[in-house]
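A look at the structure
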Amino acid sequence: KREEEAGRLKFVCYSNDGVDEHMVWLIGLKNIFGRQLPNMPKEYIVRLVMDRSHKSVMVIRRNQVVGGITYRPYVSQKFGEIAFCAITADEQVKGYGTRLMNHLKQHARDVDGLTHFLTYADNNAVGYFIKQGFTKEIHLEKDRWQGYIKDYDGGILMECKIDPKLPYT
Ligand code: SCA
């Protein structure tokens, strides 16, 4: 059963580009973020998910969004900033979060040309990010990211280097 379900997972990456179908997925994703990130103001979530400079990698199963990661690629600086990351409540701890992050890394490297990710992680999400290869030590030179990402209270800045060759998916 698990295998059959796993076979139906679809990973996509869309932004708000005027395509109706993409909008449907993005609305599903922003609803998941709204429920899973109760400390984030709902208007802020909608604004970033629908912002044209952000992209969202989503996992879709049986025509429903199960979760996703919204990020902003800074192509000239070759890094991406993760804004939100969540899996819907009844599908957590089944490995989807890990697979999602792997698809994100592959897409960011092969399509956007990025070498690193940065994120301000919530305290309770630090463990998840560490398992995904993020560290609290920032190796990326400051002049490549300072002034680009907005720093926010209560978050811990974390970095992940994307392997230039590894097949992530
Ligand atoms: C999962 N793991 C955690 C964890 N959640 N470890 C520590 N703390 C957590 N909160 C572990 C699992 O046990 C597993 O370990 C590994 O991480 C990957 O699990 P998974 O099944 O692939 O994860 P999944 O549950 O599918 O997704 C993780 C995720 C989800 C955190 C996205 O649980 C979720 O949506 N949580 C609520 C929202 C949230 O906290 N989002 C995080 C970002 P093993 O491999 O050892 O089994 S907060 C955010 O987006 C705000 C801004 C920001 O940048 O942080």
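Below or above, wherever it landed, is the structure these notes cover. Keep in mind that this is a model prediction, so the values were computed, not measured.

Calculation rules
Residues numbered from 1 in each chain as written. Predicted model: local features only at pLDDT ≥ 70, side-chain atom pairs only at ≥ 80, totals over all residues. Heavy atoms only, no water. Near = heavy atom within 4 Å. Polar contact = N/O pair within 3.5 Å; in protein donor to acceptor, adjacent residues only side chain to side chain. Helix = DSSP H or I, 4+ residues; strand = E, 2+ residues; numbered from the N terminus. Nonpolar A, V, L, I, M, F, W, Y, C, P; charged D, E, K, R; others polar. Expected span 1.5 Å × (residues − 1). Buried < 20%, exposed > 50% of the residue type's maximum accessible area, 1.4 Å probe, protein only. Core = buried A, V, L, I, M, F, W, Y, C linked by side-chain atoms within 4.5 Å. Contact = heavy atoms within 4.5 Å. Disulfide = S-S within 2.5 Å. Phe/Tyr/Trp six-rings, centres within 6.5 Å; stacked < 30°, edge-to-face > 60°. Pairing = 2+ DSSP bridges.

As a further point, take the site of the ligand. Surveying the vicinity of the ligand reveals 28 residues, the closest of which are Val 93, Gly 95, Gly 97, Thr 98 and Thr 119. The separation between an oxygen atom of the ligand and a polar main-chain atom of Ile 87 is 2.8 Å. With respect to the ligand, the side chain of Gln 92 contributes an N or O atom lying 3.3 Å from an oxygen atom. Here the shell around the ligand gets six residues from one element, more than from any other, and that element is strand E4 (residues 79–87). Of the residues belonging to the shell around the ligand, the class tally is 16 nonpolar, nine polar and three charged.

A word on helix H4 (residues 96–112). Residues three or four positions apart in an α-helix share a direction because the helix packs 3.6 residues into each turn. A rise of 1.5 Å per residue sets the reference length of H4, with its 17 residues, at 24 Å; its end C-alpha atoms lie 22 Å apart and thus fit the reference within 8%. What H4 keeps buried is the set Tyr 96, Gly 97, Leu 100, Met 101, Leu 104, Lys 105, Gln 106, His 107, Ala 108, Arg 109 and Asp 112.

Counting residues in each nonpolar core, the largest one holds 25 residues, and the members touching the most others are Ile 82, Leu 104, Phe 117, Phe 129 and Phe 134. Mapped by element, the contributors of at least two residues to this core are strand E2 (55–61), strand E3 (64–74), E4, H4, strand E5 (116–121), helix H5 (126–131) and strand E6 (156–161). The leading source of residues in this core is H4, at five residues. In this view, Leu 104 contacts Val 57, Ile 69, Tyr 71, Ile 82 and Phe 117; residues no more than four positions away in its chain are not counted. Ranked by size, the runner-up nonpolar core spans 18 residues in total, among them Ile 32, Leu 48, Met 50 and Val 65.

Attention shifts here to helix H2 (residues 20–36). For H2, spanning 17 residues, the distance from its first C-alpha to its last is 25 Å, which sits close to the expected 24 Å at 1.5 Å a residue. Where H2 is concerned, the buried positions are His 22, Trp 25, Leu 26, Leu 29, Ile 32, Phe 33 and Gly 34. Taken together, the buried residues of H2 touch strand E1 (10–14), helix H3 (42–50), E2, E3 and E4.

This part is about the state of the cysteines. All chains considered together, the criterion is met by zero disulfides. For the unlinked cysteine Cys 13, the closest cysteine sulfur is that of Cys 85, found at 14 Å.

Another aspect to go through is the packing of aromatic side chains. In this description, an aromatic ring pair is defined by two values, namely the gap between the centres and the angle between the planes. In total, this model carries eight aromatic pairs according to the counting rule given. Grouped by ring-pair contacts, the aromatic residues Phe 33, Tyr 44 and Phe 84 constitute a single cluster.

Structurally, the position occupied by Arg 61 is in strand E2. For Arg 61, the side chain forms a polar contact with the side chain of Tyr 96, separated by 2.9 Å.

Here we take up the pairing of E5. With six of its six residues buried, E5 lies for the most part within the structure. Summarising the sheet, E4 and E5 pair through four bridges and their orientation is parallel. Bridge pairing in E5 links Phe 79 to His 116. Across six bridges, the pairing between E5 and E6 is antiparallel. Residue pairing in the sheet places Thr 119 in a bridge with Met 158 of E6.

By themselves, these are just geometric observations and shouldn't be taken as functional.
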